[in-house]
Structure formats: C-alpha cells, structure tokens
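In case you want the letters, here they are:
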Amino acid sequence: MTSQRTREIAQTALMAALVFVATYLIKIPNPATGGYSHMGDCMIFLGVVLLGRRNGAIAAALGGALSDLLAGAAVWILPTLIIKFIMALIMGYIIKSNVNSSKLQAFGAVVGGIFQIAAYTLVKVFLLDTKVAVASLPNVTVQTSVGIILFIVLVSILSKYAKDLFKREEVTR
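Everything quoted here is computed from the prediction, not taken from an experiment.

K.L.:
Sorry, what's going on with the nonpolar core here?
P.N.:
Grouped burial of nonpolar side chains is what soluble globular proteins tend to show. Counting 26 residues, the largest nonpolar core has Phe45, Met91 and Phe151 as the members making the most contacts within it. Contributions of two or more residues to this core are made by α1 (4-24), α2 (40-51), α3 (53-70), α4 (77-95) and α7 (137-161). Sort the elements by how many residues they give to this core and α2 lands first, with nine residues. Apart from residues no more than four positions distant in its own chain, Phe45 is found in contact with Met87, Met91, Ala109, Gly113, Gly147, Ile148 and Phe151. Within the second largest apolar cluster, seven residues are counted, among which are Ile117, Ala119, Val123 and Val140.

K.L.:
Mind showing me how you'd approach a nonpolar patch on the surface here?
P.N.:
Taken together, Ile58, Leu62, Leu78, Leu81, Ile82 and Ile86 make up a surface patch of nonpolar side chains, about 470 Å² in accessible area. Listed by contribution, the elements that provide at least two residues to the nonpolar patch are α3 and α4. Following the sequence through the fold, Leu81 ends up in helix α4.

K.L.:
For this particular structure, what's the right way to read α4?
P.N.:
It helps to recall that an α-helix has 3.6 residues per turn; residues three or four apart then point in one direction. Taking 1.5 Å of rise per residue, the 19 residues of α4 would be expected to cover 27 Å, and the 27 Å separating its terminal C-alpha atoms lies within 8% of that figure. Buried residues of α4: Pro79, Thr80, Ile83, Lys84, Met87, Ala88, Leu89, Met91, Gly92 and Ile95, and no others.

K.L.:
How should I be thinking about the pattern of salt bridges in this particular structure?
P.N.:
In a structure, side chains of opposite charge can pair up when their charged atoms sit close to one another. Scanning the entire structure with this criterion turns up three salt bridges. The salt bridge involving Glu8 is made with Arg54; its shortest N-O contact spans 3.1 Å. Of this pair, Glu8 sits in helix α1 while Arg54 sits in helix α3, and the two are 46 residues apart along the sequence. When its relative accessible area of 35% is taken as the criterion, Arg54 is described as partly exposed.

Here is what the cut-offs are and how they apply
- Residues numbered from 1 in each chain as written.
- Predicted model: local features only at pLDDT ≥ 70, side-chain atom pairs only at ≥ 80, totals over all residues.
- Heavy atoms only, no water.
- Core = buried A, V, L, I, M, F, W, Y, C linked by side-chain atoms within 4.5 Å.
- Buried < 20%, exposed > 50% of the residue type's maximum accessible area, 1.4 Å probe, protein only.
- Helix = DSSP H or I, 4+ residues; strand = E, 2+ residues; numbered from the N terminus.
- Contact = heavy atoms within 4.5 Å.
- Patch = residues over 30% accessible without salt bridge, like charges linked within 9 Å, V, L, I, M, F, W, Y side chains within 5 Å.
- Areas by Shrake-Rupley, 256 points an atom, 1.4 Å probe, with all protein chains shown as cover.
- Salt bridge = Lys/Arg side-chain N within 4 Å of Asp/Glu carboxyl O.
- Expected span 1.5 Å × (residues − 1).

Next comes the structure, spelled out in structure tokens:
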C-alpha cells in the first residue's frame, strides 16, 4: 500500500524523466532557423494537465534542467530551471478553473509559451548579447510553437483513447 504523497512523488519523477527524454533525445531539425525543436515543452504542458500546476512545474523544471546539464550547457541550467517552472505554473493557473477544457489548455500553453520566449530572450541578452538574443527569436518561437501544437494533438488523442488519464475535476496543486 503506497501513500498518496509517495504516488505524487513517483508520478512527478516519471514526468520529469519524460520531459528530459523528450528534450534531450527527440530533436526535430529546423532548416529554416538552423536550430531544432524538441518535444520537451509538449511533455511539460501534458505534465501540468496530468499532475497539476505544482507537480507539473516541478517536473518541468527538473526535466529541462537535467537536459541542459547532460547536454553540457551548464550556464543554462538555472535559467531553464526557473523558466520552465514558471511556464508550467502559468499554464496551471490558467487551467485551474477547468482542467478538462481543451480551449483553456491551449490558451494556457500559449501564454506559458509566450512567457518562455520572452524569458529566454531576456536571459540571452544578459548572457550573450542583444543581437544574438534577437537573432535567436525565430528559433525559440518555432520550438515553443511546435511544443504547443504537439501538445494539443497529443492531448486530443489521449483524451479520446485514454480517458482515465484525465479524470480530475480541478487542479488543486
């Protein structure tokens, strides 16, 4: 018999692992920008829907930061930890009133995504240069947009074929 807290910790750790794998291993090249997109943001948004805002944000922060750590991008660990956490919290607060609303889920993902784009651009201004930050806007915008689109598609498929995953009336965390 496991306690509810143990279950929450295990689910959060599993989602953090999914965020990490989807960020670190699943890369979709973008020839137009020279960068790539990944499915990490998609998993972050899904984590918020499944786990609630607090545990979804924890999984987002840990999974994203771990990806930066193992990719050798140590300078990005702390910004990613903070940005992904806040992005997930934003979505969680937006869907709090009706976690099952696909419109609210999409809106929350978009607002969280806009925060992510702005936050990473601001960090790049301080860490790199204003010109570099502005030049990287198309890549981070495409990456975030791909994550949002993949999330919307994935959650619509899962809600159709795995309805038990979404049996929560509200996000209380």
